[in-house]
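Listed below, chain by chain, are the residues.
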Amino acid sequence: MRREVHVVDSHTGGEPTRVVLAGGPDLGRGSMAERLEVFRREHDRFRSAVVNEPRGSDAVVGALLCEPVNPASAAGVIYFNNVGYLGMCGHGTIGLVATLAYLGRAVPGIVKIETPVGDVSAELHESGEVTVANVESYRLAKDMDVQVEGFGAVRGDIAWGGNWFFLVNGAPCELEFRNLEMLTDYTWRIRQALQANAITGAGGQEIDHIELFGPPRAAGADSRNFVLCPGKAYDRSPCGTGTSAKLACLHADGKLKEGQVWRQESIVGSVFEGSIAVSGGKVQPRIKGSAHVNAEARLIFDDRDPFCWGIRG
């Protein structure tokens, strides 16, 4: 059998997003969380085909565009990567809104989007920049020690920003592009140590993102980060959910007030502007960044191709 899948590619601060517009699986009419489970259970090979080699790469995040439950929403979306699924994706949401604008489906103003972890809103600015009002974020644990092979005790915070993060101030080397291999090895060992010691997020959820912080290089930035994503790829952007987790920790420490701007720089030098709104003691981060559409294509799925459904380990 042969089929075509219509996609639009973009990057947000260097991190790629591939939005699936048509040709994806039918997931029913439930909530985005319910549809994600159908996707995971019945159509996982589609996820692999879209983002894994030979069509994609470890860095590509897929975004399956879905009909929203609420007609007032612009879209529903399910995010996925080379190894699985994401509850929320900040850079992906910025990329999604930029894609909707490119397609003429969004104009400057507020755009409502349904995700598996809750509804988010984004503002498309006249400049083309996008501000995402992310899900409520919080710190679960402060100064948690874990023994990491080859490095000894590593201390970090556990926080939720739409995904679970272990946030560490400092690293065994500078947060520079030339040190990617060492930074990847270090953060991967931290993740393995968290798993080995049964250190998790709320309800036993896996901490699948590791985030390191150091001094910024970009003028006006407050911090530089390195983020290891679940599939062992590093985030080229400053990471929207990771920046959200950081903002929640800063607020918990009394270092960030409502409306104050925190500029987070990525390992490649791109910057997100973050701020928070606080209501009833709960923190809602706002992440501002830019995405650029760089391709529109039709992926061809042909069952005669031995790697039609992606190269998987």
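See the structure shown above.
The notes below deal with the structure included here. (Residues numbered from 1 in each chain as written. Predicted model: local features only at pLDDT ≥ 70, side-chain atom pairs only at ≥ 80, totals over all residues. Heavy atoms only, no water.)

1. Details of the packing of aromatic side chains
Part 1: One pass over the structure, following the stated rule, counts ten aromatic pairs.
Part 2: Consider the rings of Tyr 138 and Trp 164, whose centres lie 5.8 Å apart with planes at 90°: the pair is edge-to-face. With Tyr 138 in strand 9 (residues 138-148) and Trp 164 in strand 11 (residues 164-169), this pair connects stretches of sequence that are 26 residues apart.
Part 3: Between Trp 160 and Trp 164 the ring centres are 5.3 Å apart and the planes differ by 55°, which places this aromatic pair in the tilted class. Both residues of the pair, Trp 160 and Trp 164, count as buried.
Part 4: Through a chain of ring-to-ring contacts, three or more aromatic side chains come together here, namely Phe 39, Phe 46, Phe 80, Tyr 85, Phe 301 and Trp 309.
Part 5: Taking NZ or CZ as reference, Arg 47 lies 6.0 Å from the ring centre of Tyr 85, over its face.
Part 6: Residue placement shows Lys 246 over the ring face of Phe 213; its charged tip is 4.1 Å from the ring centre. (Phe/Tyr/Trp six-rings, centres within 6.5 Å; stacked < 30°, edge-to-face > 60°. Helix = DSSP H or I, 4+ residues; strand = E, 2+ residues; numbered from the N terminus. Buried < 20%, exposed > 50% of the residue type's maximum accessible area, 1.4 Å probe, protein only. Lys NZ or Arg CZ within 6 Å of the ring centre and 35° of its normal.)

2. A word on helix 2 (residues 44-51)
Part 1: With six of its eight residues buried, helix 2 lies for the most part within the structure.
Part 2: Those residues of helix 2 lying buried are Phe 46, Arg 47, Ser 48, Ala 49, Val 50 and Val 51.

3. Quick word on the pattern of salt bridges
Part 1: Enumeration over the complete set of coordinates arrives at 17 salt bridges.
Part 2: A salt bridge links Glu 265 to Arg 224; its shortest N-O distance comes to 2.9 Å. Here Glu 265 is found in strand 14 (residues 262-265), whereas its partner Arg 224 is found in strand 13 (residues 223-228), with 41 residues between them in sequence.
Part 3: In this structure Glu 265 comes out as buried when scored by relative accessible area, which is 2%. (Salt bridge = Lys/Arg side-chain N within 4 Å of Asp/Glu carboxyl O.)

4. Some remarks on helix 4 (residues 180-196)
Part 1: For helix 4, which comprises 17 residues, the first-to-last C-alpha distance of 24 Å matches the rise-based estimate of 24 Å (1.5 Å per residue) to within 8%.
Part 2: Along helix 4, the residues that are buried comprise Leu 180, Leu 183, Thr 184, Tyr 186, Thr 187, Ile 190, Arg 191, Ala 193 and Leu 194.
Part 3: Summarising the contacts, the buried residues of helix 4 are in contact with strand 9, strand 10 (152-160), strand 11, strand 12 (209-214) and strand 13.
Part 4: Following helix 4 by one or two positions, Ala 198 has its phi on the positive side, about 55°. (Expected span 1.5 Å × (residues − 1). Contact = heavy atoms within 4.5 Å.)

5. Description of the state of the cysteines
Part 1: Taken as a whole and assessed by the stated rule, the structure comprises zero disulfides.
Part 2: Sulfur of Cys 66: no disulfide; nearest cysteine sulfur belongs to Cys 89 and is 15 Å away.
Part 3: A disulfide-free cysteine, Cys 249 has its sulfur positioned 13 Å from the sulfur of Cys 239, the nearest such atom.
Part 4: Given a relative accessible area of 5%, Cys 249 falls into the buried group. (Disulfide = S-S within 2.5 Å.)

6. Focus: unusual backbone geometry
Part 1: The linkage connecting Glu 53 with the following residue, Pro 54, adopts the cis geometry, with an omega of 10°.
Part 2: Within the secondary structure, Pro 54 sits in the loop between helix 2 and strand 3 (61-66).
Part 3: The phi dihedral of Asp 143 falls on the positive side, at around 55°, and the residue is not glycine.
Part 4: Among the structural elements, Asp 143 can be located in strand 9.
Part 5: One non-glycine residue, Ala 198, adopts positive backbone phi at about 55°.
Part 6: Among the structural elements, Ala 198 can be located in the loop between helix 4 and strand 12.

7. Some points on the pairing of strand 9
Part 1: Alignment of strand 9 against strand 10, held across eight bridges, turns out to be antiparallel. Within strand 10, the residue paired with Gln 147 across the bridge is Ala 153. (Pairing = 2+ DSSP bridges.)

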